[in-house]
Amino acid sequence: MGEPSTEVAGVPVSALKRHAELSELVDEARWRYYVLDQPTVSDAQFDEWFKELLALEEAHPSLQTPGSPTQKVGAPVSGDFAKVRHLARMESLDNAFNDADMAAWQARAERLAEGDPGPYLCELKIDGLAIALVYRDGKLERAATRGDGRTGDDVTANVRTIKGVPHRLKGDDVPSLVEVRGEVYIPVDDFKKLNEQLVEQGKPPFANPRNSAAGTLRQKDPRITAQRPLRMLVHGIGVWEGATEPRAQSEVYDRLREFGLPVSDLYRVLPGLTEINEFIEHYRAHRHDPPYEIDGVVVKVDDFRTQRELGSTSRAPRWAIAFKYPPQEVNTKLLDIQVGVGRTGRVTPYGVMEPVVVSGSTVERATLHNAAVVAKKGVLIGDTVVLRKAGDVIPEIVGPVAALRDGSEREFVMPTHCPECGTTLAYEKEGDADLRCPNARGCPAQIRERIYFAAGRRALDIDGLGYVAATALTQPLPPQQPVVRTEADLFDLTLDQLTPIKSVVRDPDTGLPKMDPKTGEQKVVSFFSNINGEPSQNALQLIEELEQAKQVPLAQVLVALSIRHVGPPTARALTDTMRSIDAIMNASEEELAAVEGIGPRVAATIREWFAVDWHREIIDRWRAAGVRMEDEPAPEKGPQTLQGLTFVVTGTLEGYTRDSAAAELTGRGGKVASSVSKKTSFLIAGENAGSKYDKAVDLGVPILDSEGFEILLNEGPEAAAEAAAPPES
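The following refers to the structure shown. Note that this is a predicted model, so its numbers are computed, not measured.

Rules behind the numbers
Residues numbered from 1 in each chain as written. Predicted model: local features only at pLDDT ≥ 70, side-chain atom pairs only at ≥ 80, totals over all residues. Heavy atoms only, no water. Helix = DSSP H or I, 4+ residues; strand = E, 2+ residues; numbered from the N terminus. Buried < 20%, exposed > 50% of the residue type's maximum accessible area, 1.4 Å probe, protein only. Areas by Shrake-Rupley, 256 points an atom, 1.4 Å probe, with all protein chains shown as cover. Lys, Arg positive; Asp, Glu negative; His and termini not counted. Charge placed at Lys NZ, Arg CZ, Asp CG, Glu CD. Pairing = 2+ DSSP bridges. Contact = heavy atoms within 4.5 Å. Axes fitted to C-alpha atoms, helices over the stretch in contact; angles between N-to-C directions. Parallel < 35°, antiparallel > 145°, perpendicular 65-115°, else oblique. Left-handed = near helix turned anticlockwise from the far one by under 90°. Nonpolar A, V, L, I, M, F, W, Y, C, P; charged D, E, K, R; others polar. Core = buried A, V, L, I, M, F, W, Y, C linked by side-chain atoms within 4.5 Å. Patch = residues over 30% accessible without salt bridge, like charges linked within 9 Å, V, L, I, M, F, W, Y side chains within 5 Å. Salt bridge = Lys/Arg side-chain N within 4 Å of Asp/Glu carboxyl O. Phe/Tyr/Trp six-rings, centres within 6.5 Å; stacked < 30°, edge-to-face > 60°. Lys NZ or Arg CZ within 6 Å of the ring centre and 35° of its normal.

### Points about the overall build of the chain
Here comes step 1: From N to C terminus, the chain includes 25 helices and 22 strands.
Here comes step 2: Taken over the C-alpha atoms alone, the chain extends approximately 85 × 65 × 50 Å along its principal axes.
Here comes step 3: When burial is assessed residue by residue, the chain has 49% of its 729 residues classed as buried.
Here comes step 4: As displayed, the chain offers around 34,900 Å² of accessible surface, 49% of which is attributable to carbon and sulfur atoms.
Here comes step 5: The centroid of the 84 positive side-chain charges in the chain is displaced by 5 Å from the centroid of its 109 negative side-chain charges.

### Comments concerning the sheet that holds strand β19 (residues 646–650)
Here comes step 1: As summarised here, the arrangement of the four strands in space is β20-β19-β21-β22, forming an open sheet in which the pairing is parallel. Each edge of the open sheet is held by one strand with a lone partner, namely β20 (671–673) and β22 (703–704).
Here comes step 2: Across two bridges, strand β21 (residues 682–685) lies against β22 in parallel orientation. Bridging across to β22, isoleucine 684 finds its partner in leucine 704.
Here comes step 3: Strand contacts of helix α22 (residues 658–667): β19, β20 and β21, with the helix running at about 165° to β19, the strand carrying the most contacts.

### Remarks on the side chain of threonine 471
Here comes step 1: Within the secondary structure layout, threonine 471 lies in helix α13 (residues 467–474).
Here comes step 2: Sequence-distant contacts of threonine 471, that is, excluding residues within four places in its chain, are made with Arg448, Pro476, Ser503, Val504 and Arg506.

### Description of the packing of helix α12 (residues 444–454) against α13
For any two helices packed against each other, one specifies the crossing angle of their axes together with the interaxial distance.
Here comes step 1: In contact at an axis separation of 9 Å, α12 and α13 are set at 140° when each is read in the N-to-C sense. With respect to α13, the axis of α12 lies oblique. Considering the relative orientation of α12 and α13, their crossing is right-handed. Packed against α12, whose contacting residues are Pro444, Ile447, Arg448, Glu449, Ile451 and Tyr452, the element α13 presents Tyr467, Ala470, Thr471 and Thr474 at the interface.
Here comes step 2: Here the contact of α12 with α13 is composed, by residue class, of six nonpolar, two polar and two charged.

### Topic: the nonpolar core
Here comes step 1: Counting residues in each nonpolar core, the largest one holds 58 residues, and the members touching the most others are Leu460, Leu465, Leu473, Leu558, Phe610 and Trp622.
Here comes step 2: Looking at this core, the elements with two or more residues in it are α12, α13, α15 (537–549), α16 (554–560), α17 (568–578), α18 (581–586), α20 (599–610) and α21 (613–625).
Here comes step 3: Listed in part, the 40 residues of the second largest apolar core include Ala243, Tyr267, Phe304 and Val386.

### Comments concerning the packing of helix α3 (residues 99–113) against helix α9 (residues 273–285)
Here comes step 1: The interhelical angle for the contact between α3 and α9, taken along N-to-C directions, is 140°, at an axis separation of 11 Å. Between α3 and α9 lies a crossing whose hand is right-handed. Contacts between α3 and α9 involve Asp99, Met102, Ala103 and Gln106 from the first element and Leu273, Ile276, Asn277 and Ile280 from the second.
Here comes step 2: Here the residues of the contact of α3 with α9 are counted per class, giving five nonpolar, two polar and one charged.

### What about a negative patch on the surface?
Here comes step 1: There is a patch of like negative charges on the surface, built from Glu589, Glu590, Glu591 and Glu608.
Here comes step 2: Per-element tally for the negative patch: the top contributor is helix α19 (residues 589–593), with three residues.
Here comes step 3: As for its placement among the helices and strands, glutamate 591 is situated in helix α19.
Here comes step 4: Since its relative accessible area comes to 47%, glutamate 591 is described here as partly exposed.

### Regarding the packing of aromatic side chains
Here comes step 1: All chains considered together, the criterion is met by 13 aromatic pairs.
Here comes step 2: Ring geometry for phenylalanine 647 against phenylalanine 682: centres 6.0 Å apart, planes inclined by 10°, an arrangement best described as stacked. Note that phenylalanine 647 is positioned in strand β19 and phenylalanine 682 in strand β21, a separation of 35 residues in sequence. Both residues of the pair, phenylalanine 647 and phenylalanine 682, count as buried.
Here comes step 3: The ring of phenylalanine 97 has lysine 51 lying over it, and the distance from NZ or CZ to the ring centre is 4.4 Å.

### Remarks on the sheet that holds strand β7 (residues 177–185)
Here comes step 1: Spatial strand order, β5-β4-β7-β8: four strands in an open sheet with antiparallel pairing. With partners counted over all chains shown, the strands left at the sheet margins are β5 (139–145) and β8 (231–241), one partner each. Here the average twist between neighbouring strands, direction ignored, is 25°.
Here comes step 2: Pairing geometry for strand β4 (residues 129–136) and β7, over eight bridges, is antiparallel.

### Thoughts on unusual backbone geometry
Here comes step 1: Note the cis peptide between glycine 118 and proline 119, where omega equals 10°.
Here comes step 2: The residue proline 119 is located in the loop between α3 and β3 (120–126) in this model.
Here comes step 3: The omega torsion across proline 478 and proline 479 is 10°, close enough to zero to call that bond cis.
Here comes step 4: With a phi angle near 55°, aspartate 173 is a residue other than glycine that sits in the positive phi range.
Here comes step 5: Its location among the elements puts aspartate 173 in the loop between α4 (156–159) and β7.
Here comes step 6: Residue aspartate 173 is classed as partly exposed on the basis of its relative accessible area of 37%.
Here comes step 7: Positive phi, close to 70°, is recorded for arginine 579, a residue that is not glycine.
Here comes step 8: Looking at the element boundaries, arginine 579 is found in the loop between α17 and α18.

Listed below in structure tokens is the structure:
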């Protein structure tokens, strides 16, 4: 890049240099994104550059020339298709990133309109490819990409292959000429399948659904486009002639739907900023509910006359704005792929990456599930990869940025032996996706993971037995021997055993050793002793809580044994029916399968577990230590007033834990589910109810607060229905 001119009056040379540098970066990123369909920077990085460019031009207005990237729309058209001029310019949208930005936009619109310009139409911002379709006398004449806003690529032949796009409009009062605008996209599930197919064919996968849609629409051979699952949703018009003209954006959607065009139902016409912000926050929490990727919400003044009054800037309408959610995808370097071993012996590959902030937290590791998933995603060690947080929680490697490969990348090879005990890995049966370490009794990793799991809240509920403690008990530094070789040793622990232990610290997400950033060596702790060698508070707490854990209900003891497929609901069903560990252990497969919710597969797994000698030793040792092995006789059933009804419990209920609330419901014949659906009879919602409350509202499920819950228990479902919060649309 050459030296910038210094002839702009009053602008420091440093600002000129940075403006020139940012302009080049933004133009290059747009070219790769819009034309090549091979982005090499994340949306987050692009937004950061663009905001810095805007700030520079705001501070130095003379930098804002017609050639600045801030004044351009999209990118130049590619050279692979015929060029067509749009009937009306396709503009971009200004962005808002917080409530203050939205309030400033609304205030500006109100000032220019000399009054409230509402109501407003709010719709989801699909992360797809902008397209314009021209229908003349009801017949599809032309389809073009946005290009630079005035001229786009003619992709008519490819658009004709998209399912749901009509070749001829239907209905009455069809315009003689209409240009409709929309987004072409590939549904998320179909995107994953498409990438798997590309990898199988030895081709580089797409980085994200948006680029898969753009790359597909720009295929030179329409037959290839026809084989891929492109879809389209229409969200506006550019030209309308020869028919009754709509008066509002929402009316346009009704008319376009009548013509047979695909229009989303996920929009609302709202009166003001309060309701707009509620809509934005709703879809922030439900961002992954639609079948397509969204990156925000578009807000438009609904009335067309007011839109015309507000007009446009050089690149964007003043009557619309895009509220953009924080990017959930970032780019980072995949440094290595390692494997961890879980409590059931499953060996799971993990990506180890350069640390990067995504959705508010720093991420440096992400699961890759198994070797088949690594192959399907097409990632190589050394790739720059797209990282996202699935559901804003779980880090997920989406795929590689293939355009940045330099030939130094290498394939991941799944190990043949357990990384912690050296046992040959194997599939349990033909067709399994997961390799496992079969050394369940002696593998330090499996023992560590099972001990940590056994201490969980839904099992033995031992706060003092976290991941550091579980590691110290099962994997102390040589020459010390583990004090816990199997779960059988757990309740025989003494302070004398605990205090000498020194252990390597491990990552609870992967089971891999953590490194000391100062020394570069593995981090080591003396978790159960003080500097003077006396028992630490950690040791005293663990011994005390182990004693308390001996009295947890039998269902929790059963969960702590790590029997495959036996989680809390299955354990409760077994103990409610059989009441003792001996009855469960000695039951036949047929008797186990007869328990509600168990079935033949789980019954066979339970029988297999109890048939192993060292598993029975755990039962015997825990029993000898005083662990509860049977429940009190089942109380006589009261009136089954809730028979046939399904409930979901969420939030904090006054006077109840979730488990005790569930027990009250099941004791009256009700069924308790973990997620809200159309089959849910009532949602029992305490304070901080979260997303389940929103789902219940969306589905029209009656909602009971703490007071309504008491009415349900004492007076029955009919009285509770009258006390329920009315379902909102």
